[in-house]
Amino acid sequence: MYLPKHRRRVKSDYSMTDLHFSLLQWMVLSAAALIIGISKTGLPGIGILAIPMVAAIIPAKRSTGLILPMLIVGDVFAVAYYRRHAVWRHLLRLIPAAVAGIVAGYFALGRVNDAELKPIMGAIIFLMLAVNYWRIRWGGNHLSVPSGWWFPVCLGVLAGVTTMMANAAGPILIIYLVAMRLPKDEFLGTGAWYFLLLNCFKVPFSAELGLITSWSLRFDLLIAPLIVAGALLGVRLVKVIPERAFNVIVQLLAAFGALMLIVAR
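This one's a predicted model, so the numbers in the text were calculated from it and none came from an experiment.

The rules behind each value
Residues numbered from 1 in each chain as written. Predicted model: local features only at pLDDT ≥ 70, side-chain atom pairs only at ≥ 80, totals over all residues. Heavy atoms only, no water. Core = buried A, V, L, I, M, F, W, Y, C linked by side-chain atoms within 4.5 Å. Buried < 20%, exposed > 50% of the residue type's maximum accessible area, 1.4 Å probe, protein only. Helix = DSSP H or I, 4+ residues; strand = E, 2+ residues; numbered from the N terminus. Contact = heavy atoms within 4.5 Å. Phe/Tyr/Trp six-rings, centres within 6.5 Å; stacked < 30°, edge-to-face > 60°. Lys NZ or Arg CZ within 6 Å of the ring centre and 35° of its normal.

**Notes on the nonpolar core**
Ranked by size, the top nonpolar core spans 47 residues in total, and within it Y176 and Y194 carry the most contacts. Listing elements by their share of this core, those giving two or more residues are α2 (50–55), α3 (60–82), α4 (88–109), α5 (114–139), α6 (150–166), α7 (170–179) and α8 (184–208). Top contributing element to this core by residue count: α7, with eight residues. Excluding its chain neighbours within four sequence positions, the residues that come into contact with Y194 are L91, L94, I95, A98, A159 and L173. Formed by 25 residues, the second largest nonpolar core is a distinct cluster that contains I35, I46, V54 and I67.

Right, here's the structure in full:
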């Protein structure tokens, strides 16, 4: 059946019928799963590192569909742990615009191939790192932001587009939640519900594009215990590791991974 250009599914130009990775590839993918789990319950800034790690092994478009169920597993544990701390009035201001952004990202994702998407993902990661650096350097936890209705709308749309195309909306949500001056538990609880709802909403779009397949779900099921372990570890790490120094190291690694996506052929 012919599909319009913007809705064409991923072509089978890459063999994804088994789980035969090298030892090094398994190590990288396992580390990415742990990082995703840790980012959901303890250190939200580090999740961006997992994106280039997975995209270095799995073709760029397929990597977005592969990561999505991994993120949802982490989201479930984050919601279970912080479920009572969500501030729903902030979520309701952001979610409608984010939904619109996801739809826009779906149409954009359907128009690019792997060669085109890799530098786009790299650029998005660099942009999000720059945004996060700006937040820390100039605002910290006392960021002054506009109070108009357009502020959550603009951030919501941008978060929706970036999460659909690269699973990289974390820094945008961090800016929004920091601007709302939420205590740590409410910060994590609100973010947990936001990402669980939006990531679940993305599933049918990714499936229609052929990014979520029986192969990717088998892999996600296999790697899920490491995501759970990361989520449990994140609860402990947030209490003992200096977050600022840790995030600097992680963001430097993420920037290196983004550069690799941009220069990859």
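**Details of unusual backbone geometry**
The phi angle at N167 is positive, at roughly 50°, despite the residue not being glycine. Within the fold, N167 resides in the loop between α6 and α7.

**With respect to the packing of aromatic side chains**
Scanning the entire structure with this criterion turns up 11 aromatic pairs. Their ring planes at 10° and their centres at 6.0 Å tell us that W215 and F219 sit as a pair that is stacked. Here W215 pairs with F219, and both are found in helix α9 (residues 214–240), just four residues apart, close to one helical turn. Given the relative accessible area of 6%, W215 is considered buried. Every member of this aromatic cluster is reached through a ring pair, and the members are F21, W26, W215 and F219. Above the plane of the ring of F195 lies K40, whose end atom (NZ or CZ) is 4.6 Å from the centre.

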